[in-house]
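So you can see what is in the structure, the chains are spelled out below.
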Amino acid sequence: MLHALLRALRPQRFWKTLLARGCASDGAAGGPEIQVRGLEGPDQGITEILMNRPRARNALGNIFVGELLDALARLREDRQVRVLIFRSGVKGVFCADADLKEREQMSEAEVVVFVQRLRGMMNEIEPGIQTKEGDSRKAVPGLSSPSPHSQHPADPTTFPDGKTNSQDNIGEVPGEVPQTWNLRGPVSQPACPSPAMSPCPGPAKALRAEHFFISTAAFPAPTIAAVDGFALGGGLELALACDLRVAASSAVMGLIETTRGLLPGAGGTQRLPRCLGVALAKELIFTDRRLSGTQAQALGLVNHTVDQNEEGNAAYHRARALAQEILPQAPIAVRLGKVAIDRGMEVDIASGMAIEGMCYAQNIPTQDRLEGMAAFREKRPPKFVGE
């Protein structure tokens, strides 16, 4: 079972930009909506996924999701990717949720398939979230009393560009999707919609749909979300699927689906309570509460928060600094540590200890382990190669 983990370490370089397929892209100047860039020099090993759909404020549309799925599928096979950063090329916005204009044109069965696709993509980034049940939480201004980010009736959100989110998405309710798990990640088996809906669109199409959010969560290397603006609905679900989150203090985050008569359908109802605890997650979802980056850090929703700069990319720079701290570490040990944590949090502690033991055993024959011990003995910095 663990041998599947090592298949992700096969060398295969992929630094090309992914092209849209099927219809015209909404990216800048008609370019791709998802761009992939591998950094060089001292930052070699850090890869960035740039979300660039400015006219729709990075709304989760069909092309956008397809390109991101393709990027994740290729990058997961590249062992030179040691850290993956998700960032936005649209100032003031991380991801403003799903594309409601596109959603309105879908049949009920197509909506089921598309949302399964979103949920699948998220799980590809990070399937397990550390549970923090019982943790005491700091009092956050605005959480229990009205605040600029906690009062928003039917009025649409106003973005920095003056537009609203009336065109943007929200997750729908997908059909039940039984899953089996291995140490690589989830293996999804999408089910047909309910009998009241249209006939099942077919297992191949549904499987690709389910893999959108699964792809994000199961990514073997550490993932970081750089939230420099609005992260609403599916946008927050995308950030939740990442291992680490960095936000600008002015960022706005929330699972706002209930305002549209919906509920989070791409992992929000599962990852948010595992991150913040059940009662607080229920309050945020039931009330359509929005949090600033400062409030999100106080609750433990993000790892770090920074004051926004004039360029609007302060969270990205902090995320990059965080990635630079990960780079010198042994990449196989980091990947196996991620597996041990993610899989272990889904089971009882005895089973979790067994998973940790399996991961530890997998790391023993690596060259990096021997290099680490040699470097310690020789009192020099280690030079890990990922083998």
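All values derive from a computational prediction rather than experimental measurement.

Asker: When you look at the overall build of the protein in this model, what are you seeing that I'm missing?
Answerer: Secondary structure summary: the protein contains 13 helices and 12 strands in total. In the protein, which comprises 387 residues, the proportion classed as buried is 56%. Across the protein, every contact between residues at least 6 apart in sequence was considered, and the portion connecting residues at least 24 apart equals 76%. A total of about 16,800 Å² of accessible surface is found on the protein, and carbon and sulfur atoms cover 56% of it.

Asker: Explain the pairing of strand E7 (residues 223-227) to me, please; I cannot follow it from the model alone.
Answerer: In the case of a regular strand, side chains alternate between the two sheet surfaces. Of all the five residues making up E7, five are buried; the element is thus mostly covered by neighbouring parts of the structure. Alternating residues of E7 divide into Thr-223, Ala-225 and Val-227 and Ile-224 and Ala-226, and every residue in both groups is buried. Inspection of the sheet shows strand E3 (residues 83-88) paired to E7 by three bridges, in the parallel sense. Residue pairing in the sheet places Phe-86 in a bridge with Ala-225 of E7. Judged from the four bridges that link them, E7 and strand E9 (residues 244-248) form a sheet pairing that is parallel. Its bridge partner being in E9, Ala-226 is matched across the sheet by Val-246.

Asker: Help me understand the sheet that holds E3, please; the structure alone is not making it clear to me.
Answerer: Sheets are built from strands that pair by backbone hydrogen bonding, the pairs being arranged parallel or antiparallel. Here we have six strands laid out as an open sheet, ordered E1-E2-E3-E7-E9-E12, and mixed in their pairing. In this open sheet, the two strands that pair with only one neighbour each are strand E1 (34-38) and strand E12 (304-306). Geometrically, the sheet is characterised by an average inter-axis angle of 20° between neighbouring strands, direction not taken into account. Two elements, E1 and strand E2 (residues 46-51), share five bridges in a ladder whose sense is antiparallel. Within E2, the position partnered with Gly-38 by the bridge is Thr-47.

Asker: Explain unusual backbone geometry here, please?
Answerer: Residues other than glycine predominantly adopt negative phi, and peptide bonds predominantly adopt the trans conformation. Residues other than glycine seldom take positive phi values, yet Asp-288 does so here, at roughly 60°. Structurally, the position occupied by Asp-288 is in the loop between helix H8 (278-287) and strand E11 (291-292). Since its relative accessible area comes to 3%, Asp-288 is described here as buried. Even without being a glycine, Lys-379 presents a positive backbone phi close to 55°. Note on placement: Lys-379 falls in the segment after helix H13 (367-378). The class of Lys-379 is exposed, set by a relative accessible area of 79%.

Asker: How should I be thinking about the environment of Val-385 in this particular structure?
Answerer: As for its position among the elements, Val-385 is in the segment after H13. For the pair Val-385 and Gln-329, spaced 56 residues apart in the sequence, the C-alpha separation amounts to 9.9 Å. Beyond its immediate chain neighbours, meaning those up to four positions away, Val-385 contacts Arg-82, Gln-367 and Asp-368.

Asker: Sorry if this is basic, but what is going on with empty space enclosed by the protein here?
Answerer: Using a probe with the size of a water molecule, rolled over the atoms, empty space left in the structure can be pinpointed. If you walk through the whole model with that rule in mind, you get four cavities of 30 Å³ or more. In this structure, the second largest cavity encloses a volume near 50 Å³. Lining the second largest cavity are Arg-82, Pro-222, Ile-326, Leu-327, Gln-329, Ala-330, Pro-331, Val-334 and Arg-335. Residue contributions to the lining of the second largest cavity peak at three residues, all from helix H11 (residues 331-344). Its residues assigned to classes, the lining of the second largest cavity comprises six nonpolar, one polar and two charged.

Asker: Can you walk me through the pattern of salt bridges in this structure?
Answerer: Close approach of charged atoms lets side chains of opposite charge pair. Taken as a whole, this structure holds 12 salt bridges when the rule is applied. Between Glu-33 and Arg-53 there is a salt bridge; the shortest N-O distance is 3.8 Å. Here Glu-33, found in the loop between helix H1 (3-7) and E1, pairs with Arg-53, found in the loop between E2 and helix H2 (62-75); they are 20 residues apart in sequence, far enough to count as distant. Between Arg-289 and Glu-283 there is a salt bridge, and its shortest N-O distance comes to 3.3 Å. A relative accessible area of 11% means that Arg-289 is categorised as buried. In this structure Glu-283 comes out as partly exposed when scored by relative accessible area, which is 28%. Each member of the salt-bridge network shares a partner with another, and the members are Glu-371, Arg-377, Glu-378 and Arg-380.

Asker: Is there a simple way to explain helix H7 (residues 268-276) in this structure?
Answerer: Residues spaced three or four apart along an α-helix face the same direction, because each turn holds 3.6 residues. Taken together, the buried positions of H7 are Gly-268, Arg-271, Leu-272, Pro-273, Cys-275 and Leu-276. Downstream of H7 by a residue or two, Gly-277 has a phi angle that is positive, lying close to 100°.

Asker: Help me understand the pairing of E2, please; the structure alone is not making it clear to me.
Answerer: Most of E2 sits out of view: six of its six residues are buried. A two-sided burial pattern is seen for E2, the buried positions comprising Ile-46, Glu-48 and Leu-50 on one face and Thr-47, Ile-49 and Met-51 on the other. The pairing of E2 with E3 spans six bridges and is classified as parallel. Residue Ile-49 lies in a different strand from E3, and its bridge partner there is Phe-86. What joins E2 to E3 is H2, and the crossover it makes is right-handed.

Asker: What is the right way to look at the nonpolar core in this model?
Answerer: Judged by nonpolar contacts, the single largest core of 53 residues is most densely connected at Ile-49, Phe-94, Met-253 and Leu-301. Residues contacting Leu-301, with those up to four places away along its chain left out, are Leu-236, Leu-240, Arg-245, Met-253, Leu-272, Cys-275, Leu-276, Leu-291 and Ala-296. Counting 14 residues, the second largest nonpolar core, distinct from the first, contains Ile-46, Ile-85, Ala-323 and Leu-327.

Criteria and thresholds
Residues numbered from 1 in each chain as written. Predicted model: local features only at pLDDT ≥ 70, side-chain atom pairs only at ≥ 80, totals over all residues. Heavy atoms only, no water. Helix = DSSP H or I, 4+ residues; strand = E, 2+ residues; numbered from the N terminus. Buried < 20%, exposed > 50% of the residue type's maximum accessible area, 1.4 Å probe, protein only. Contact = heavy atoms within 4.5 Å. Areas by Shrake-Rupley, 256 points an atom, 1.4 Å probe, with all protein chains shown as cover. Pairing = 2+ DSSP bridges. Axes fitted to C-alpha atoms, helices over the stretch in contact; angles between N-to-C directions. 1 Å grid on protein atoms, 1.4 Å probe; cavity = no way out; pocket = protein on both sides within 12 Å on 5 of 7 lines; lining within 4 Å. Points joined across faces, edges and corners; volume = space filled by probe spheres on them. Nonpolar A, V, L, I, M, F, W, Y, C, P; charged D, E, K, R; others polar. Salt bridge = Lys/Arg side-chain N within 4 Å of Asp/Glu carboxyl O. Right-handed = clockwise from strand over helix to strand, strands pointing away. Core = buried A, V, L, I, M, F, W, Y, C linked by side-chain atoms within 4.5 Å.

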